[in-house]
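Working through the structure, step by step
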Amino acid sequence: MQLLFLQYFNLINIISRLVKNMQTNDSKSKRTDIQLMRAIAIISVVIIHTYPVGTEFGIVVRCFVNYAVALFLFLSGYLTKLTINNNQLFKRIKKIIIPYFVWSMIYGITTGMTLMRIVVGFITGSCSFHLYYIIVYIQIVITTRISIFFATSRYKHVMFLITPLSLIFVQYVLPLLGLSLPGAINGIDVFEWISYYCIGLYMGNKIIKIDSIIIPGIITIIGFVFSMVEGFYWYNLDNYAMATTQCKLSSCIYSFGVLLAIGYILNNFNINDLFTSKLLSKIGDYSSGIYFSHVFIKIIMTNIFEKNSFLMLFPINSLLVLTFSMIIIEITRYFLPKKLYGLFGF
């Protein structure tokens, strides 16, 4: 066991030196506070996809990090100005659609999908289980004009109700009636996610202001406790998927609290004065590439190491997936021109 620990930390040390010595081609100036939040979001996503599934401890982990996708959408909204034009919105979709196509092909081909299945998967975000987010994001961008309309109207608070009401309808009312959404669209409709984007849009444009961290903190604590109670309720009913999903009411309340707290911090503090980390900033810079590639890295690791191997135990597996995703992005950016590594979202 000590030898395995030593080998692991030697590996991390070598990779860290390689990352430190490499030069990046990205000269864009980005807000380090936003990049820090993106780092937190993508680390949470990696944890979601590497946590110990099927265990009670796994429920606790998922309840804690279930804000991850909501945070990505919040940050997108936070950086969206009310004056954004259609050309700028189109550029957002254009920036992500090509890497999405490339990775849909990679996941589809490597998992043995037929061409028709890949086409359907591309449309529905199902070439890999995590790519649904891209379809959600595209819908969010397309409907941004509607979000801005409500943001500048007397009915602005309606947008906060859409996600919780949609979740209640889809996750609770329909099952009680013995119904469900078609599998291809379950979880990818914009209604189940748009409120998170609007919280960011409103706070980024100072449409809503929070004067204290107390209310977001209370909402976060209540939401987390509620999420734990609901999680173990579904676990006792042998419904582990519902116990851990982000798409349940308790997780929505928890995410609302986390996002409001983050919005308060971004609007009232200079995070750089409180905390700086070059590593986290780098992770934030590469969050898009990590999102696309980390599941592929996980598949490779699973094939190399046995599932019960020490290196596949949580959270070591999470750290390894994140580390190898980072190093592959670094190597790709180092050796390939921007037009080529951009195809992969790197």
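Everything below is about the structure shown above.
In what follows, the accompanying structure is described. Bear in mind that the values here come from a model prediction, so they are computed numbers and not experimental data.

A look at the overall build of the chain
- Secondary structure summary: the chain contains 18 helices and zero strands in total.
- As displayed, the chain offers around 17,600 Å² of accessible surface, 68% of which is attributable to carbon and sulfur atoms.

Description of a nonpolar patch on the surface
- Side chains of Ile98, Ile331, Tyr334, Phe335, Leu336, Leu340 and Leu343 sit close together on the surface and give an oily, nonpolar patch of about 610 Å² of accessible area.
- When residues of the nonpolar patch are assigned to their parent elements, the largest contribution, three residues, is made by helix H17 (residues 316-335).
- Examined against the element boundaries, Tyr334 turns out to sit in helix H17.

A look at the pattern of salt bridges
- Overall, the coordinates contain two salt bridges when judged by the stated rule.
- In this structure, the salt-bridge partner of Asp33 is Arg31, at a minimum N-O distance of 2.6 Å.
- Overall, Arg31 belongs to the partly exposed group, its relative accessible area being 40%.
- Across the pair Glu330 and Lys282 runs a salt bridge whose closest N-O atoms are separated by 3.8 Å. Of this pair, Glu330 sits in helix H17 while Lys282 is found in helix H15 (residues 278-285), placing the two residues 48 residues apart along the sequence.
- Classification of Glu330 by relative accessible area gives buried; the value is 0%.

Remarks on the packing of helix H4 (residues 68-78) against helix H13 (residues 249-268)
- At a closest axis distance of 10 Å, the pairing of H4 and H13 adopts a crossing angle of 40°. As far as their axial angle goes, H13 and H4 are oblique. The two elements H4 and H13 cross, and the hand of that crossing is right-handed. In contact with Ala70, Leu71, Phe74, Leu75 and Tyr78 of H4, H13 contributes Ser255, Leu259, Ile262, Gly263, Leu266 and Asn267.
- Taken together, the residues of the contact of H4 with H13 break down into eight nonpolar, three polar and no charged.

Calculation rules
Residues numbered from 1 in each chain as written. Predicted model: local features only at pLDDT ≥ 70, side-chain atom pairs only at ≥ 80, totals over all residues. Heavy atoms only, no water. Helix = DSSP H or I, 4+ residues; strand = E, 2+ residues; numbered from the N terminus. Areas by Shrake-Rupley, 256 points an atom, 1.4 Å probe, with all protein chains shown as cover. Patch = residues over 30% accessible without salt bridge, like charges linked within 9 Å, V, L, I, M, F, W, Y side chains within 5 Å. Salt bridge = Lys/Arg side-chain N within 4 Å of Asp/Glu carboxyl O. Buried < 20%, exposed > 50% of the residue type's maximum accessible area, 1.4 Å probe, protein only. Axes fitted to C-alpha atoms, helices over the stretch in contact; angles between N-to-C directions. Parallel < 35°, antiparallel > 145°, perpendicular 65-115°, else oblique. Left-handed = near helix turned anticlockwise from the far one by under 90°. Contact = heavy atoms within 4.5 Å. Nonpolar A, V, L, I, M, F, W, Y, C, P; charged D, E, K, R; others polar.

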